Amino acid sequence: MSTPVGRDNAAVDLPTMLRRIGPGALVSIVLPLLAYAVLRPRVGSDATALAIAGAIPACWTVGVLAWRRRLDPIGVFGVAGFAVSLLLLWWSGGSALAEKLGEPLLTGLLGLVCLGSLVVGQPLHLVALRVLGRRNPQLAAAARDPRRRSVSAGFTAIIGGILLAHAVALAALAIALPTTSYLALSRPVGLSVLAVGIAGLLWYRQRVRN
């Protein structure tokens, strides 16, 4: 009897899940691709069309934050990556490749910061716990736990590895593919890498709890 119930629940949950992720997927993947396809023949350069297409998910994230007061961490990465892309576009004098490398440059640098914090003996996860612990006694107590350093080092290593893998994957796509293909594949590939990394973080958290 339990198996059919589980299947029914999954069937009920699937539409709910699709309603939650559908708008974000539409704005992050479909609309930029359509905007680029429409704009490219009408603007002066590949970089200009790419910049306008990239502004769509960035504006969506800012709008959701302003309207619902809800912060989407992945969306924030997208906005920051878009800002870096614009800086690279300006710095390179209009190179579409430089613009496409904005997001992987950001995540790659963050990954290196995480791994660098391990080299100097100050895992970034532990540093964050200490900062947040100034207003949260529970986190402050966790940061003072002598065993916390090794656990935080594991979290920091996983996060750093996730970010570097994300950067390498997107940079490879940016270099190897034309812009249309890059727009179609970069978000699904990037989110897949992050999903694998999140699964790794959850596994590690469960392991250290046991």
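As the structure is a prediction and not an experimental result, all values here were calculated from the model.

Enquirer: For this particular structure, what's the right way to read the overall build of the protein chain?
Expert: Within the protein chain one finds nine helices and zero strands. Of the regular secondary structure in the protein chain, the N- to C-terminal order runs α-α-α-α-α-α-α-α-α. Expressed as a percentage of the 210 residues in the protein chain, the buried residues total 32%. Excluding contacts between residues fewer than 6 apart, the proportion of contacts in the protein chain whose partners are at least 24 apart in sequence is 65%.

Enquirer: It is not clear to me how helix H5 (residues 102-119) should be interpreted in this structure. Could you clarify?
Expert: Along an α-helix, residues three or four apart share an orientation, since each turn contains 3.6 residues. With 18 residues, H5 ought to run about 26 Å at 1.5 Å a step, and its terminal C-alpha atoms sit 26 Å apart, in line with that. Taken together, the buried positions of H5 are occupied by Gly-102, Glu-103, Pro-104, Leu-106, Thr-107, Gly-108, Gly-111, Cys-114 and Ser-117. Among the residues trailing H5, Gly-121 stands out with phi positive, at a value near 80°.

Enquirer: Please clarify how the side chain of Ser-152 should be interpreted in this entry.
Expert: Mapping Ser-152 onto the fold places it in helix H8 (residues 148-176). Relative accessible area serves as the criterion here: at 0%, Ser-152 is assigned to the buried category.

Enquirer: Can you help me understand the pattern of salt bridges in this one?
Expert: Opposite charge on two side chains allows them to pair when their charged atoms are near. Considering all chains together, one arrives at one salt bridge under this definition. Salt-bridge contacts for Arg-187 lead to Glu-103; the nearest nitrogen and oxygen are separated by 3.4 Å. Here Arg-187, found in helix H9 (residues 179-209), pairs with Glu-103, found in helix H5; they are 84 residues apart in sequence, far enough to count as distant. Classification of Arg-187 by relative accessible area gives buried; the value is 18%.

Enquirer: What exactly am I supposed to notice about a nonpolar patch on the surface here?
Expert: Together, Val-113, Leu-124, Val-127 and Val-131 make up an exposed nonpolar region whose accessible area comes to about 280 Å². Of the residues forming the nonpolar patch, the biggest block, three residues, is contributed by helix H6 (residues 124-132). Within the secondary structure, Leu-124 sits in helix H6. Classification of Leu-124 as partly exposed rests on a relative accessible area of 34%.

Enquirer: Help me understand the packing of H6 against H8 in this model?
Expert: At their nearest, the axes of H6 and H8 sit 7 Å apart, and the two run at 115° to each other. Residue-level inspection shows Leu-124, His-125, Leu-126, Leu-129 and Arg-130 of H6 in contact with H8, the latter providing Arg-148, Arg-149, Ser-152, Phe-155 and Thr-156.

Enquirer: What should I look at first to understand the packing of aromatic side chains in this one?
Expert: Centre distance and the angle of the planes are the two values used to describe a pair of aromatic rings. Throughout the structure, instances matching the rule amount to one aromatic pair. The aromatic ring of Tyr-182 is capped on one face by Lys-100, whose charged end is 5.6 Å from the ring centroid.

Enquirer: For this particular structure, what's the right way to read the packing of H8 against H9?
Expert: For any two helices packed against each other, one specifies the inter-axial angle together with the distance between the axes. Two elements in contact, H8 and H9, have axes separated by 9 Å at closest approach and are oriented at 165°. As judged from the angle between their axes, H8 and H9 are roughly antiparallel. Relative to H9, the crossing made by H8 is right-handed. Looking at side-chain class alone, the contact of H8 with H9 contains 19 nonpolar, seven polar and one charged residues.

Enquirer: Where do I start with the side chain of Thr-179 in this structure?
Expert: Turning to its location among the elements, Thr-179 is positioned in helix H9. Not counting residues within four places of it along the chain, the set of residues in contact with Thr-179 comprises Tyr-36, Asp-46, Leu-50 and Lys-100.

Enquirer: Hey, could you run me through the confidence of the model for the protein chain in this one?
Expert: The predicted coordinates ought not to be read in detail in places where the model reports low pLDDT. Predicted confidence across the protein chain gives a mean pLDDT of 78, with 81% of residues reaching 70 or more. Across residues 1-14, confidence stays below pLDDT 50; counting only partners more than four residues off in sequence or on other chains, it has zero contacts.

Enquirer: Help me out: how do you make sense of the environment of Gly-154 in this one?
Expert: Within the secondary structure, Gly-154 is located in helix H8. Considered as a pair, Gly-154 and Arg-205 are 51 residues apart in the sequence and their alpha carbons are 9.4 Å apart.

Enquirer: Explain the environment of Gly-197 here, please?
Expert: Its location among the elements puts Gly-197 in helix H9. With a relative accessible area of 7%, Gly-197 lands in the buried category. Each C-alpha atom of the pair Gly-197 and Ile-158 lies 7.2 Å from the other, and the pair is 39 residues apart in sequence. In this structure, Gly-197 is in contact with Ile-158 and Ile-162, ignoring residues within four places of it in sequence.

Cut-off values and rules
- Residues numbered from 1 in each chain as written.
- Predicted model: local features only at pLDDT ≥ 70, side-chain atom pairs only at ≥ 80, totals over all residues.
- Heavy atoms only, no water.
- Helix = DSSP H or I, 4+ residues; strand = E, 2+ residues; numbered from the N terminus.
- Buried < 20%, exposed > 50% of the residue type's maximum accessible area, 1.4 Å probe, protein only.
- Contact = heavy atoms within 4.5 Å.
- Expected span 1.5 Å × (residues − 1).
- Salt bridge = Lys/Arg side-chain N within 4 Å of Asp/Glu carboxyl O.
- Patch = residues over 30% accessible without salt bridge, like charges linked within 9 Å, V, L, I, M, F, W, Y side chains within 5 Å.
- Areas by Shrake-Rupley, 256 points an atom, 1.4 Å probe, with all protein chains shown as cover.
- Axes fitted to C-alpha atoms, helices over the stretch in contact; angles between N-to-C directions.
- Phe/Tyr/Trp six-rings, centres within 6.5 Å; stacked < 30°, edge-to-face > 60°.
- Lys NZ or Arg CZ within 6 Å of the ring centre and 35° of its normal.
- Parallel < 35°, antiparallel > 145°, perpendicular 65-115°, else oblique.
- Left-handed = near helix turned anticlockwise from the far one by under 90°.
- Nonpolar A, V, L, I, M, F, W, Y, C, P; charged D, E, K, R; others polar.
- pLDDT = per-residue confidence, 0-100.

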